[in-house]
Amino acid sequence: MGTANREGKPIYSLTNSELFSLFGTAEAGLSEQEARKRLETYGPNKLSEKKKVSPLKIYFSQFKNILVLILILAAVFIYLVYFFGEKNQSDFIEGNLIVGIILMITTLGFIQEYKAEEAIAALKKLLAFKARVIRGGEEKEVDISLLVPGDLVVLEEGVKIPADTRLIEAIDLHSNESSLTGESIPVKKNPEPLSGPLQTADQVNMVFSSTEITKGRGRGIVVRTGDEMEIGKIAKFVAETKKEETPIQKRLNRLGKIVGLGVVGISAFIFLFIVFISSEYMELTTLERVLHSFVAAVALAVAAIPEGLPAVVTISLAYGTQRMLKRNTLVRKLASTETLGSVDTICTDKTGTLTTGEMAVRKVYFDGKTYEIVSKSRRLTGDFLLAGEKADPRTLTPILKAGLICNNAAARETGRAFGDPTEVALIFSARQGSVKSAGKRLFEVPFSSERKMMSVVIEEEGKRVVYSKGAPEVILSKCTKLVQNGQVVPLRDVAKKKILVENADLSSAALRVLGFAYKETEKVGEETLETDLAFIGLQAMMDPPRKEVRGLIEDCQKSGIRVIMITGDHSATAKAVACEIGISGEILTGAELDKLSRGGLEKKVGKTNIYARVNPEHKFRIVEALQKRGHLVAMTGDGVNDAPALKRSDIGIAMGITGTDVAKEASDMILLDDKFGTIVAAVEEGRGIFDNIRRFVDYLLSCNIGEVLVIFIALLIFKDLPLTAVMILWINVVTDGLPAIALGLDPAEKGILHYSPRKFQGQIISQRIWLEMGAFSISLTVATLGLFYLNLQEGGLFEARAAAFMAIIIFELVRLVNIRSDYQISWAANLWLPAAIVTSVLLQIAIVHIPTLSTLFEVSPIDLFDWLYITIVGLLLFFVLKFVDKLLDLFPTFSPVVAKQRP
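Owing to the predicted nature of the structure, the values given are computational and were not obtained by experimental measurement.

With that settled, consider the overall build of the protein. In terms of regular secondary structure, the protein is built from 32 helices and 28 strands. Across the 903 residues that make up the protein, the buried fraction comes to 55%. In the protein, the proportion of contacts linking residues at least 24 apart, taken out of those at least 6 apart, comes to 71%. As displayed, the protein offers around 38000 Å² of accessible surface, 59% of which is attributable to carbon and sulfur atoms.

Another aspect to go through is the pattern of salt bridges. Enumeration according to the criterion identifies 37 salt bridges in this entry. The partner of R38 in a salt bridge is E34, with the nearest N and O atoms 2.7 Å apart. Placement of the pair is R38 and E34 together in helix α2 (residues 32-42), with a separation of 4 residues, close to one helical turn. Overall, the relative accessible area of 9% leaves R38 in the buried class. A residue is classified by how much of its surface remains accessible, and E34, at 26% relative accessible area, is partly exposed.

Mean pLDDT over the protein works out to 82, with 83% of the residues at or above the 70 mark. Of the regions scoring below 50 in pLDDT, residues 119-128 engages in 26 contacts with residues more than four places distant in sequence or in other chains. Of the regions scoring below 50 in pLDDT, residues 897-903 engages in 22 contacts with residues more than four places distant in sequence or in other chains.

Further remarks concern the sheet that holds strand β24 (residues 586-589). Reading across the sheet, the 8 strands line up as β8-β28-β27-β26-β9-β23-β25-β24 and stay open at both edges, with mixed pairing between neighbours. The open sheet has two edge strands with one neighbour each: β8 (329-331) and β24. Going from strand to strand, the sheet's axes swing by 20° on average, the running direction of each strand aside. Direction of pairing for strand β9 (residues 345-349) relative to strand β23 (residues 562-566): parallel, over a ladder of 5 bridges.

Below, the discussion takes up the packing of helix α17 (residues 549-558) against helix α24 (residues 676-717). Put simply, α17 and α24 touch, their axes get as near as 9 Å, and they point 25° apart. Accordingly, the angle class assigned to the pair α17 and α24 is roughly parallel. Taken as a pair, α17 and α24 cross one another with a handedness that is left-handed. For the pair α17 and α24, the contacting residues are V549, L552, I553 and C556 in the first and F676, G677 and V680 in the second.

Residues L340, M565, I583, F676, Y699 and F805 are the most contacted members of the largest nonpolar core, which totals 115 residues. It is α24 that provides the largest number of residues to this core, a total of 17 residues. Counting residues in hydrophobic clusters, the runner-up holds 40 residues, among them L601, V614, I622 and A625.

Another point: unusual backbone geometry. With a phi angle near 55°, A387 is a residue other than glycine that sits in the positive phi range. Locating A387 in the fold gives a position in the loop between β12 (381-386) and β13 (389-390).

Mapping I161 onto the fold places it in the loop between β3 (152-156) and β4 (164-176). Accessibility expressed as a relative area gives 2% for I161, which makes it buried. Sequence separation between I161 and F208 is 47 residues; the distance between their C-alpha atoms is 6.2 Å.

Our next topic: helix α31 (residues 864-889). Taking 1.5 Å per residue, 26 residues should reach 38 Å; α31 reaches 38 Å between its end C-alpha atoms and fits that length. In this fold, the buried residues of α31 make contact with α27 (767-794) and α28 (797-820). Where α31 starts, the residue carrying a side-chain oxygen 3.2 Å from the main-chain nitrogen of F865 turns out to be D863.

Let us look at the pairing of strand β19 (residues 479-484). For a regular strand, the rule is simple: side chains alternate between the two faces of the sheet. Alignment of β19 against strand β22 (residues 533-542), held across 3 bridges, turns out to be parallel. Following the sheet pairing, K481 is matched in β22 by A534. With 4 bridges joining them, β19 and strand β20 (residues 487-490) adopt antiparallel strand pairing. Bridge assignment links L482 to a residue of β20, and that residue is V489. Between the end of β19 and the start of β20, which pair antiparallel, lie 2 residues, with N485 showing a positive phi angle near 50°.

Enumeration according to the criterion identifies 6 aromatic pairs in this entry. Chaining the aromatic ring pairs together yields one cluster made of F718, F788 and Y789. Sitting over the face of the ring of Y823, R695 holds its NZ or CZ atom 4.4 Å from the ring centroid. Taking NZ or CZ as reference, R820 lies 4.9 Å from the ring centre of W827, over its face.

The subject of this paragraph is the packing of α24 against α28. In contact at an axis separation of 10 Å, α24 and α28 are set at 150° when each is read in the N-to-C sense. Judged by the inter-axis angle, α24 sits roughly antiparallel to α28. Like other packed secondary-structure pairs, α24 and α28 cross with a definite hand, here right-handed. Where α24 abuts α28, its residues R695, D698, Y699, S702, C703, E707 and V710 lie against I808, E812, L813, R815, L816, I819 and R820. Residues of the contact of α24 with α28, tallied by class, amount to 7 nonpolar, 1 polar and 6 charged.

Below, the discussion takes up the environment of G686. In this structure, G686 sits in helix α24. G686 sits in the buried class, given a relative accessible area of 0%. Separated by 346 residues in sequence, G686 and L340 have C-alpha atoms that sit 5.4 Å apart.

What follows covers the side chain of E772. With respect to the helices and strands, the residue E772 is situated in helix α27. Assessed through its relative accessible area of 7%, E772 is described here as buried. Once residues within four sequence positions are removed from consideration, E772 is found in contact with R815, D885 and L888.

For the rest of this paragraph, the subject is the side chain of R820. Turning to its location among the elements, R820 is positioned in helix α28. With a relative accessible area of 1%, R820 lands in the buried category. Excluding anything up to four places from it in sequence, R820 contacts R695, L743, D746, I825, S826, W827, N830 and L833.

Reading guide: rules and limits
- Residues numbered from 1 in each chain as written.
- Predicted model: local features only at pLDDT ≥ 70, side-chain atom pairs only at ≥ 80, totals over all residues.
- Heavy atoms only, no water.
- Helix = DSSP H or I, 4+ residues; strand = E, 2+ residues; numbered from the N terminus.
- Buried < 20%, exposed > 50% of the residue type's maximum accessible area, 1.4 Å probe, protein only.
- Contact = heavy atoms within 4.5 Å.
- Areas by Shrake-Rupley, 256 points an atom, 1.4 Å probe, with all protein chains shown as cover.
- Salt bridge = Lys/Arg side-chain N within 4 Å of Asp/Glu carboxyl O.
- pLDDT = per-residue confidence, 0-100.
- Pairing = 2+ DSSP bridges.
- Axes fitted to C-alpha atoms, helices over the stretch in contact; angles between N-to-C directions.
- Parallel < 35°, antiparallel > 145°, perpendicular 65-115°, else oblique.
- Left-handed = near helix turned anticlockwise from the far one by under 90°.
- Core = buried A, V, L, I, M, F, W, Y, C linked by side-chain atoms within 4.5 Å.
- Expected span 1.5 Å × (residues − 1).
- Polar contact = N/O pair within 3.5 Å; in protein donor to acceptor, adjacent residues only side chain to side chain.
- Phe/Tyr/Trp six-rings, centres within 6.5 Å; stacked < 30°, edge-to-face > 60°.
- Lys NZ or Arg CZ within 6 Å of the ring centre and 35° of its normal.
- Nonpolar A, V, L, I, M, F, W, Y, C, P; charged D, E, K, R; others polar.

As structure tokens, then:
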């Protein structure tokens, strides 16, 4: 019933009699009995609430990480060795350590996501609590949840629309629909039937839930309630939109699969080698060989699994969210912190994001000259410029005073305003020119769409004065005089043509232009009140761009990030704003977009940077087409209409102040200050986080590959383990883990915004890094096993293991210093890193040289020769790694694109 009549005609095309017939209502409205009956049929007028995600579900979702699953598998293996083997206490400690790591990772992730969900306001806050309705011929207030199709509602200024309503009466009725359509200027409503297929923004005889009446009054019939409303359709669209994994989730999952397959492959090989091939263990029974090979395989698995990696990733992302919060960005999902740094396209709504979301007078035409107003401090103050030079605002008192007097809006000293945004803008232009007196109002001739003007009679200095405002051509037609050089002179045709040319120029720049006139009068209310006026001038206004936006868009473009503006405004307004803030490219309207196929749109999005007069489905299609072309897309927005695209995009960014709850619910991040500049700051943080993840993944995997090679080669050559599973776990979690965590706390590299987005879209581990890790792992293996062999010959297994244990820690820290030196980040910028390195070395010395700890790890102290060997070889290793870096630079295939490529 809510969409069309039985003949399939749209609701907006019906006459009043057809509406009354279709919805079974009348001028007296529905009866209470009929309203209750319909409530049972259609249900309450509220959106289906999204089922709240339980804390338990949020917690268990943390286990989707493949590296966490590998850790769980490792813990299971180790417990099996303990319970079915020799009950070695070190195995039990090892298993408990891994379980502790798993609990820490999942708890950190849970805390961040749970807190973010709690910070999002409930969807139901979008709707008002009461609605004025006529039932049984009586006007009454009812809870909006009790509204039903067919109810006759009463609308007036300041009322929030309770349900989608077709107007049957409208007196100077204007509705602010920016939250739904994105159009910043209030829409003048007309109850007359409309024809043809129309977008939501063009259905001027309809008002929609979540929008607000800014001016006038009217009545209408409720035609859609609950989920059938436009806002309900959007909410359903959002719910059905599947959110893809973030880039970092994809990369880590891919890396986790590689590590997992590697662990299984190597462990299986060692198991089978010892059981069936190695002659060293043939004298043992089959059961003993199986048990020995299982222990060796588990040791290798522990060496191969980067146990600290999931924890370090989680801690780094959590720390990143805290840094972003300090820069006014609330992150809802941990993985989203890195994603923003990878985007190469930002699709942004115009109203409230690129613009202030408030109408402001930009230009004033007075006495033959055009002045520009540069607003400051929430429009409370501003500069008046003439030909780029500051002008005395007192010169403009007559035109500013006219705007203040012919006005029904109100504004407080704090900058908060009430009423029609156009009239609010006139109040602030007067305030910026220090014009405050409005005189005593005696009479008003209200604005109407037929007259296109408004007049007010006031008393000032003992005289009665008429002030009029309206469409410039209408005001001019009422004028016979002109204010010029402080005098009232006859209005000549030459002057009239000049005024009309100026009006056309201002209108072509997408400014909304109003003309002003006045005259003194003796009588109030006479028919000739609006005749023989003296023309004062023009005021032209628009929703201005935020001051910082142009520079920020230039920064984005320099860093290879494309900014696309998507708005519900008309194309002329969109193009004018885009030109002012530095967005160029083709423009496409919603009507033109409807004619394009999916393939046609995918071709078109490559050149189109401005989209005008679009609806929610259009925004969704635009984001989808960009993603099809391989772009990583961030979508910013504040309105209900932005929600589907916010959810579909790679990273959805909602406005925290002006944003609707639907937009916040669909987003990954929320800007707490609604500034486009905060997005740029978040991009910087996101890029820094990606670099941090790349650095510590490089470091941890380098260490783990080296450990695997050391154990693997030692088993083949020495038929014994140079490092026990507990030693390896200690290395991976503590002595490697502490510096890795500190790496994750690094600030963003200086000038990181100047890099191409491609730097942050590649794999975490590139071909070059794999080669560097291979070179380090081979060098580490040779150096460590060399020291292990020398000690094995002289002191036995405990001494050899102690030397290898210490050496591998120092050599791995050399790799960390090598990795960190490739980035332009001062060591003083992150003092946690040198502190972590020193702590790791001291802990290692304590284990080797303190008897209680050395007994636990089954090692003995190392001598001076071992220290000299470790120091000299460590220095040589650093220079070998630098030589490898320089060598790889010579080959284009392995050039450091990921580190040095700029747009």
